[in-house]
Amino acid sequence: MNTITARRGPELFAGSRFTWHLTAEQNAGQSSLADVLVRPGTEPPLHVHAREDETYLVLEGEMTFQRGLERLAAGPGTAVHLPRGLQHGFAVHSELARVILLVTPGGLEQGFAKLAVPTELELPPLPTGPPSDEEAAALVEAFADNGVTFVGPPLPVLLEQEAGVGHADSPARRSIS
């Protein structure tokens with residue numbers, strides 16, 4: 001096992017900025033660890049992992065996580081564990097959120113690598129709208145080999161629907177099916 005880690009990134013993936021500090025390749029597949037900057041409107045669709053658990057540590061910003069049927073408010077210092085086999089997602093309520101993402105076992109970063117592009121940006125760009133149909137299909141394809149199934153719209157879409165304030169031009173309106 002390699003105990004000296006080499007960073008991968010920063011890179012942009014689906015509107016968020018990832019820096020991978022630990023990959024499965026570096027620790028015999030035990031875990032992956034990323035520092036992630038995410039903006040509202042770039043949250044992933046609700047999904048289920050067949051192979052790995054995710055744990056998020058919120059460093060900056062305000063978020064809501066959905067874990068199964070449970071909703072969890074999370075701010076700086078909050079850790080949220082999302083076990084495999086359980087539908088989950090998140091919504092960002094602040095201008096920007098910064099989280100540490102721990103994936104166990106590791107390897108999920110391989111799905112991200114299929115669509116990520118290197119960046120020198122300090123912050124992710126502001127979203128310009130929902131992903132295109134081609135981008136949505138590419139997301140499904142990129143993670144299919146990793147046992148990730150997309151099962152619903154992004155959490156912000158559900159929150160808007162529940163509050164009765166959904167707008168057709170909202171950046172989070174796109175669902176992957």
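Report follows, based on the coordinates. This one's a predicted model, so the numbers in the text were calculated from it and none came from an experiment.

Here we look at the nonpolar core
Moving on, step 1. Within the largest apolar cluster, 28 residues are counted, with the highest numbers of intra-cluster contacts made by Phe18, Met63, Phe65 and Phe143.
Moving on, step 2. Considering every element that reaches this core, the biggest residue donor is strand S10 (residues 97-104), with four residues.
Moving on, step 3. Apart from the residues within four sequence positions on either side, Phe65 is in contact with Tyr56, Val58, Glu70, Arg71, Leu72, Ala74, Val80, Leu82, Gly89, Phe90 and Leu155.

Digging into the pattern of salt bridges
Moving on, step 1. Enumeration over the complete set of coordinates arrives at seven salt bridges.
Moving on, step 2. Measuring nitrogen to oxygen at the nearest pair gives 3.1 Å for the salt bridge that ties Asp53 to Arg84. Taken together, the positions of Asp53 in strand S5 (residues 53-60) and Arg84 in the loop between strand S8 (79-82) and strand S9 (88-92) put the pair 31 residues apart, joining distant regions of the chain.
Moving on, step 3. On the basis of relative accessibility, which here comes to 15%, the residue Asp53 falls in the buried class.
Moving on, step 4. With a shortest N-O distance of 3.8 Å, Arg98 and Glu60 are connected by a salt bridge. On the criterion of sequence distance, the pair formed by Arg98 in strand S10 and Glu60 in strand S5 is long-range, its members being 38 residues apart.

Remarks on the packing of aromatic side chains
Moving on, step 1. If you walk through the whole model with that rule in mind, you get 11 aromatic pairs.
Moving on, step 2. Relative to Phe143, the ring of Phe13 lies with its centre 5.8 Å away and its plane at 80°, an arrangement referred to as edge-to-face. Within this pair, whereas Phe13 is found in strand S1 (residues 8-13), its partner Phe143 is found in helix H2 (residues 133-144), the two being separated by 130 residues in sequence. The pair formed by Phe13 and Phe143 is uniform in burial state, with each residue classed as buried.
Moving on, step 3. A ring pair is formed by Phe18 and Trp20, whose centres lie 5.8 Å apart and whose planes are at 15°; its orientation type is stacked.
Moving on, step 4. A connected cluster of aromatic rings, assembled from ring pairs, spans Phe13, Phe18, Trp20, Phe112, Phe143 and Phe150.

Observations concerning the pairing of strand S7 (residues 70-74)
Moving on, step 1. Relative to S7, strand S6 (residues 63-67) runs antiparallel, the two sharing five bridges. Bridge assignment links Phe65 to a residue of S7, and that residue is Leu72.

Digging into the sheet that holds strand S2 (residues 16-22)
Moving on, step 1. Here seven strands make up an open sheet; going across it, the order is S8-S5-S10-S3-S2-S1-S11 and the pairing antiparallel. Two strands in the sheet have a free side with no partner beyond their single neighbour: S8 and strand S11 (117-118).

Some points on the environment of Gly147
Moving on, step 1. Positionally, Gly147 belongs in the loop between H2 and strand S12 (148-154).
Moving on, step 2. Classification of Gly147 as buried rests on a relative accessible area of 17%.
Moving on, step 3. The spatial distance from the C-alpha of Gly147 to the C-alpha of Ala50 is 5.1 Å, given a sequence separation of 97 residues.
Moving on, step 4. For Gly147, the residues in contact, after removing those within four places along its chain, are Val48, His49, Ala50 and Arg51.

Structural notes on the pairing of S5
Moving on, step 1. Relative to S10, S5 runs antiparallel, the two being bridged by seven bridges. For Asp53, the partnering residue across the bridge sits in S10 and is Thr104.
Moving on, step 2. Bridge count between S5 and S8: four bridges; the pairing is antiparallel. If you follow Thr55 over to S8, its bridge partner there is His81.

Re unusual backbone geometry
Peptide bonds are trans in most cases, and residues, glycine excluded, mostly fall at negative phi.
Moving on, step 1. Gly9 connects to Pro10 through a cis peptide bond whose omega is 10°.
Moving on, step 2. Considering the arrangement of structural elements, one finds Pro10 in strand S1.
Moving on, step 3. Here the amide bond leading from Thr104 into Pro105 is cis, since omega sits at -15°, within 30 degrees of zero.
Moving on, step 4. When you line up the elements, Pro105 lands in the loop between S10 and helix H1 (109-113).
Moving on, step 5. Residue Ala14 is not a glycine yet carries a positive backbone phi of 50°.
Moving on, step 6. Counting through the fold element by element, Ala14 comes out in the loop between S1 and S2.
Moving on, step 7. A positive phi angle, near 55°, is found at Ala28, a position not held by glycine.
Moving on, step 8. Tracing the sequence through the fold places Ala28 in the loop between S2 and strand S3 (32-38).
Moving on, step 9. Residue class for Ala28 comes out exposed when judged on its relative accessible area of 67%.

Here is what the cut-offs are and how they apply
- Residues numbered from 1 in each chain as written.
- Predicted model: local features only at pLDDT ≥ 70, side-chain atom pairs only at ≥ 80, totals over all residues.
- Heavy atoms only, no water.
- Core = buried A, V, L, I, M, F, W, Y, C linked by side-chain atoms within 4.5 Å.
- Buried < 20%, exposed > 50% of the residue type's maximum accessible area, 1.4 Å probe, protein only.
- Helix = DSSP H or I, 4+ residues; strand = E, 2+ residues; numbered from the N terminus.
- Contact = heavy atoms within 4.5 Å.
- Salt bridge = Lys/Arg side-chain N within 4 Å of Asp/Glu carboxyl O.
- Phe/Tyr/Trp six-rings, centres within 6.5 Å; stacked < 30°, edge-to-face > 60°.
- Pairing = 2+ DSSP bridges.

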